[in-house]
Amino acid sequence: MKGDGHDVDINIGTNYSKPKELHWLLRRIFILSWIRSYDREKAVSDLIAGITLGMTIIPQSIAYAALAGLSSEYGLYSAFIGSIIYVFFGTIAQVSIGPTSLMAIMVLQFCSDKPVQFVIVLAFLAGLVEFLMGVLRLGFIVNFIPTPVTKAFTTGTSLIVALAQVKNLLGIKHKGIPTPKQFFDKIEFADATVGIVCMIVLLTLRQLSSIKFKNKTDTTRRLKKVLWYISISRNALVVFTCGLIAFLWIRKSSIEAVPFALSSPVSSGLPKLQLPPFSFTYENRTYAFIDVCRELGSAIVVVPIVAVLANVAIAKAFVKDGQLDASQEMLTLGLCNLAGSFFSAMPTCGAFTRSAVSQASGVRTPMAGIYTGIIVLSALSILTPYFQYIPKSSLSAVLIAAVIFMVDFTPIMTLWRTSKKDFFSWTGCLVVCLVAGVEMGLLYGIVLNMIFVILRLGNPEIEVKLKQCNNITYVHIEPLSDIYFSGVDYLRTELRATAAMYRYDFPIVLDCSRFMLFDATFVDMITSTAKELNDQQVLLILQSLSGKYQPLLQSSSNIHFAINPLTAEDFNVATNQTVIEKLK
């Protein structure tokens, strides 16, 4: 409220006070904040969503384990423990923690040709880093990774997954990158047929949920619901059908008679609770913990950062009130991976496709993860002997169909028109991801944008205009971005150049409202500039400078302070007759 041209503080009661923050225990063990209001309606919704998600996560976990170069059970170990841990600490109902194509690519990149113990220790170390990031409340770090980099990273990873699975989809057995002739010569007809048919079926079933009926009746609504369930269960349906065909084929003849490649046999039974293999012996070599860390190298930092980036991005997409506790999500993800390493799991994070399924299934709270975890555990204890009948090409089809829609090239033209900086961030990150690996692509995007930020801090955007106040002409210099000490020299140069350009004929008004972290660097710059302008008989007026900083500049006779808006009185401070004549 304003009165007589001055701001007046008023008290309008407590109705508009800031909402009271939850107790730290409720914020950390987040289930305590909502479990008291849990009712039958929410329980039924979560049950349906949990079962639906369980049918989705099982075939995905098997496929992602194959992508990472692991046998199927490791994907399922990762699926059940993340789902259960997130129930107690997670803040977003839709987020589904488990194996993802992104984490599978990272595991393949850092742990290929290494024993599985490396993967388990990597899950432990990644969880430890994520947990510490959450405890230290480093959630703000993700704000330094801009959206173009995130989108390019997602597109690059999706392309890598899709291209890596083409060989399995077509049954090509060739190490390294085949030549075009080798590629076509080594295509196995049976594997290619199964893979391509599965792709067509998956893409067709995906469209079922988009079917619209002209007449909205009870029958059409029920039919639309059935089609939606078939659509979201397409991965399970395809994998189950292919596995059943292979099983019946083998029962009728023999496993050698099956013309397409099958998955490897899977160890049956539930995972054992045990310490991660910090030291182990493999092929007559003993690996100590320090040896494992040395061979993992940058993976210890890159994997958790990538996982946090993906998880927070998904949480932001589904958060309802815009209030996301990124640090809590980091802490929760860390606990999921730490606990997973005790059950021989691979590194995990949130999956956007599964989170979207949860949202569409009507999930209400993270409790749905309990039902998902139970379904995965049931599959581990009952179905593992039958996983070896799943054709490899069908799993490749599931992976390709899952990630192909995450490839997005639309930002190219938009960013070229709107922001060249973001355009080069996007294209550079994508190219580096494809050429040098996903971790180098992410690092490129982060470093490039840090350089842009540093350049912006050192070269702030400044607007210079000639203005009038009661027939007095003056030069108005206004920074359009925040000015830190790194931009002081640039501002000094701009002040000198502007004064010289106008031949020292007009007083200069400097808008100081965007001065940040006012320190000795600012004081030295303004004092020396005021002295130079005084030598040219030019008045310097500092507009909107905080009152607590004004005493630091009182020693200069050529500095005057003013508020916004300026008045003629602000210019009636000159004592030198020449300056007065100039003002007139």
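Residues numbered from 1 in each chain as written. Predicted model: local features only at pLDDT ≥ 70, side-chain atom pairs only at ≥ 80, totals over all residues. Heavy atoms only, no water.

### A closer look at the overall build of the chain
For the chain, the count of helices and strands is 23 helices and 11 strands. Taken over the C-alpha trace, the chain has a radius of gyration of 31 Å; the compact-globule value for 584 residues is 25 Å, which it surpasses by more than 25%. Per-residue burial over the chain gives 49% buried out of 584 residues. Of all intrachain contacts in the chain linking residues separated by at least 6 positions in sequence, the fraction that spans at least 24 positions is 76%. Taken as a whole, the chain presents about 29,700 Å² of accessible surface, with 61% of it coming from carbon and sulfur. When the 49 basic and 39 acidic side-chain charges of the chain are each reduced to a single mean position, those positions are 11 Å apart. (Helix = DSSP H or I, 4+ residues; strand = E, 2+ residues; numbered from the N terminus. Rg over C-alpha atoms; globule rule 2.2 N^0.38 Å. Buried < 20%, exposed > 50% of the residue type's maximum accessible area, 1.4 Å probe, protein only. Contact = heavy atoms within 4.5 Å. Areas by Shrake-Rupley, 256 points an atom, 1.4 Å probe, with all protein chains shown as cover. Lys, Arg positive; Asp, Glu negative; His and termini not counted. Charge placed at Lys NZ, Arg CZ, Asp CG, Glu CD.)

### Quick notes on the pattern of salt bridges
The full count for this structure, using the stated rule, is 12 salt bridges. Close ionic contact of lysine 181 with aspartate 185 constitutes a salt bridge, the shortest N to O distance being 2.9 Å. Residue lysine 181 and its partner aspartate 185 are both found in helix α8 (residues 180-185); the two are separated by 4 residues, about one turn of the helix. There is no split in this pair, since lysine 181 and aspartate 185 are both exposed. (Salt bridge = Lys/Arg side-chain N within 4 Å of Asp/Glu carboxyl O.)

### Observations concerning the packing of helix α21 (residues 488-501) against helix α22 (residues 520-535)
Put simply, α21 and α22 touch, their axes get as near as 10 Å, and they point 15° apart. Our classification of the angle between α21 and α22 gives roughly parallel. Both α21 and α22 take part in a crossing whose hand is right-handed. For the pair formed by α21 and α22, the contact residues are Val488, Leu491, Arg492, Leu495, Arg496 and Ala499 on the first element and Thr521, Phe522, Asp524, Met525, Ser528, Thr529, Glu532 and Leu533 on the second. Across the contact of α21 with α22, the residue classes break down as 7 nonpolar, 3 polar and 4 charged. (Axes fitted to C-alpha atoms, helices over the stretch in contact; angles between N-to-C directions. Parallel < 35°, antiparallel > 145°, perpendicular 65-115°, else oblique. Left-handed = near helix turned anticlockwise from the far one by under 90°. Nonpolar A, V, L, I, M, F, W, Y, C, P; charged D, E, K, R; others polar.)

### Focus: a nonpolar patch on the surface
Taken together, the side chains of Met440, Leu443, Val447, Ile451 and Leu455 make up a nonpolar region of the molecular surface, amounting to roughly 410 Å² of accessible area. Topologically, valine 447 is positioned in helix α20 (residues 438-458). (Patch = residues over 30% accessible without salt bridge, like charges linked within 9 Å, V, L, I, M, F, W, Y side chains within 5 Å.)

### Describing the domain arrangement of the chain
Domain boundaries in the chain define domain 1 (40-408), domain 2 (416-458) and domain 3 (462-583). Computed from C-alpha atoms alone, the centre-to-centre distance between domain 2 and domain 3 is 37 Å. (Domains from an automatic or database assignment.)

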